[in-house]
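Summary of the model geometry
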Amino acid sequence: MPAITVDNILVLPRLPRPDLTERQRPVGSVVTATTQREGAGFQVHRPFPSLELRYADPFILLDQMGPVAYEPYEAKGAPWHPHRGFETVTYMLDGTMVHHDSNGGGGAISEGDTQWMTAGSGILHDELPAEPLVISGGLFHGIQLWVNLPRDKKMAAPRYQDLRSSELTLVSSHDGGALVRIIAGELGGFTGPGSTYTPISYAHASIAPGGRLETPWPQHFSAMAYVLAGSGTAGAEGRPVSAGQLAVFGHGEAITITADARQDTPTGDFEVLLLGGRPIREPVVQYGPFVMNSRHEIIEAIEDFEAGRMGRIPAEHATGK
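Given the structure is predicted, the values throughout are model-derived calculations rather than measurements. (Residues numbered from 1 in each chain as written. Predicted model: local features only at pLDDT ≥ 70, side-chain atom pairs only at ≥ 80, totals over all residues. Heavy atoms only, no water.)

1. Some details on the sheet that holds strand E5 (residues 78-83)
The condition that has to hold: Here, any two strands with at least 2 DSSP bridges between them count as paired. Helix and strand definitions follow DSSP, with helices as H or I runs of at least four residues and strands as E runs of at least two, each counted in order from the N terminus. An axis is simply a line fitted to the C-alpha atoms; with a helix, the fit covers only the stretch in contact. Between two such axes, the angle follows the N-to-C directions and lies from 0 to 180 degrees.
What the four strands build is an open sheet, ordered E5-E10-E7-E8; its pairing is antiparallel. Among the strands making up the open sheet, the edge pair consists of E5 and strand E8 (106-109). Strand after strand, the sheet turns through a mean of 15 degrees between neighbouring axes, direction not considered. Here strand E7 (residues 97-101) pairs with E8 via four bridges, running antiparallel. Directly across from Met97, in E8, lies its bridge partner Ile109.

2. Describing the confidence of the model for the chain
Rules: Known as pLDDT, the predictor's per-residue confidence is scaled from 0 to 100. Note on contacts: a residue pair is in contact if any heavy atoms of the two residues lie within 4.5 Å.
Overall, the predicted model of the chain reaches an average pLDDT of 93, with 97% of residues at or above 70. Per-residue pLDDT stays below 50 along residues 315-321; that stretch engages in nine contacts with residues further than four places along the chain or on separate chains.

3. Focus: the side chain of Gln161
Test applied: Residues adjacent in sequence count toward polar contacts only when both atoms are side-chain atoms; beyond that, a polar contact is any pair of N or O atoms within 3.5 Å, and within protein one must be able to donate a hydrogen and the other to accept it.
Counting through the fold element by element, Gln161 comes out in strand E12 (residues 159-163). Among the polar contacts made by the side chain of Gln161, one reaches the main-chain carbonyl oxygen of Ser195 at a distance of 2.8 Å. In this structure Gln161 touches Thr114, Gln115, Trp116, Pro193, Gly194 and Ser195, once residues within four positions along its chain are discounted.

4. Observations concerning the pattern of salt bridges
Quick reminder of the rule: Salt bridge criterion: a side-chain nitrogen from Lys or Arg within 4 Å of a carboxyl oxygen from Asp or Glu. For every residue, the accessible area obtained with a 1.4 Å probe (protein chains only) is divided by the maximum for its type, and the residue is called buried under 20%, exposed over 50%, and partly exposed between those limits.
All told, the structure shown has eight salt bridges when counted by the stated rule. With its nearest N and O atoms 3.1 Å apart, the salt bridge here joins Arg46 to Glu38. Judged by its relative accessible area of 28%, Glu38 is partly exposed. Put simply, Glu38, Arg46 and Asp63 are held in one network by salt bridges that share partners.

5. Observations regarding helix H2 (residues 295-306)
Note the threshold: Residue count minus one, scaled by 1.5 Å, sets the expected span of a helix. Directions are taken from the helix axis to each C-beta atom, and the arc is the one they span.
For H2, with twelve residues, the first-to-last C-alpha span of 17 Å sits near the 16 Å given by 1.5 Å per residue. Listed in full, the buried residues belonging to H2 are Ile298, Ala301 and Asp304. On an axial view of H2, the arc spanned by its buried residues comes to 125 degrees, and they lie on one face. For H2, the exposed residues set more than 90 degrees away from the buried face come down to Arg295, His296 and Glu306.

Following this line, the structure appears as structure tokens:
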């Protein structure tokens with residue numbers, strides 16, 4: 001899990017420690033991810049949507065792809081398919097994924113990189129492991145998050161953001177015990193590079209064994225922590241969480257994540273995704289790759305896809321522009 005890091009975490013700016021007047025968010029529930037197959041047959045771990053957590057407004061889906069060590073010619077991806085009504089955010093930890101879309105966007109994303117695709121009014125794309133990974137095999141680990149769009153943005157023009165690992169905002173916890181990579185949104189006064197229609201906060205934290213991450217969290221946002229690797233506790237009350245589990249926080253102004261004293265992980269740290277956003281509070285009707293507000297809009301999306309109005313493939317890929 002070689003996501004962007006630094007040699008000396010103590011040189012980074014520090015998140016402010018919540019003061020005593022900022023109420024800690026309690027853990028409302030802990031959800032264990034289900035395991036299933038997607039695309040051409042690759043395995044994902046999915047905490048939502050699931051029977052335990054149907055809705056995570058403003059998010060639609062969270063998939064952890066791997067970690068898996070592929071043998072030669074074993075790696076699989078997701079061939080060309082459509083999307084409408086939301087944004088897909090793919091964050092890579094190990095390996096390389098190649099993306100193309102019918103709008104001419106895309107490219108290769110490797111360790112620590114993020115691709116942010118706004119499907120909006122409709123787009124076709126594919127997501128495939130890089131050819132060297134397919135031929136030789138190797139380690140693969142990534143995260144895909146689907147961010148819903150509000151009604152007045154669902155038909156926005158498609159767009160693509162290529163966020164390199166070097167562009168992420170790096171900060172440390174107040175005591176220097178955790179490295180936090182901010183991908184999008186605001187955390188403790190620091191802002192990530194991702195441009196979002198729906199206000200969210202999205203970050204990857206590496207917490208040293210026995211360390212604690214305490215940070216302010218926007219009061220009007222939902223708040224969740226998904227464990228990528230290792231074990232620890234969530235909330236000031238110390239609710240146990242481990243790899244493949246999602247802590248869903250209640251109301252408040254700050255969150256706390258604590259690493260167990262021993263971590264049996266590739267990095268030696270407790271690896272956690274922090275995510276939340278302003279709830280949209282609109283009807284959600286999902287049919288596979290389409291997320292709209294009504295059944296009628298889903299039927300329109302299917303008709304537009306079948307009529308070729310979401311783009312055609314292959315598209316000319318615009319590079320370096």
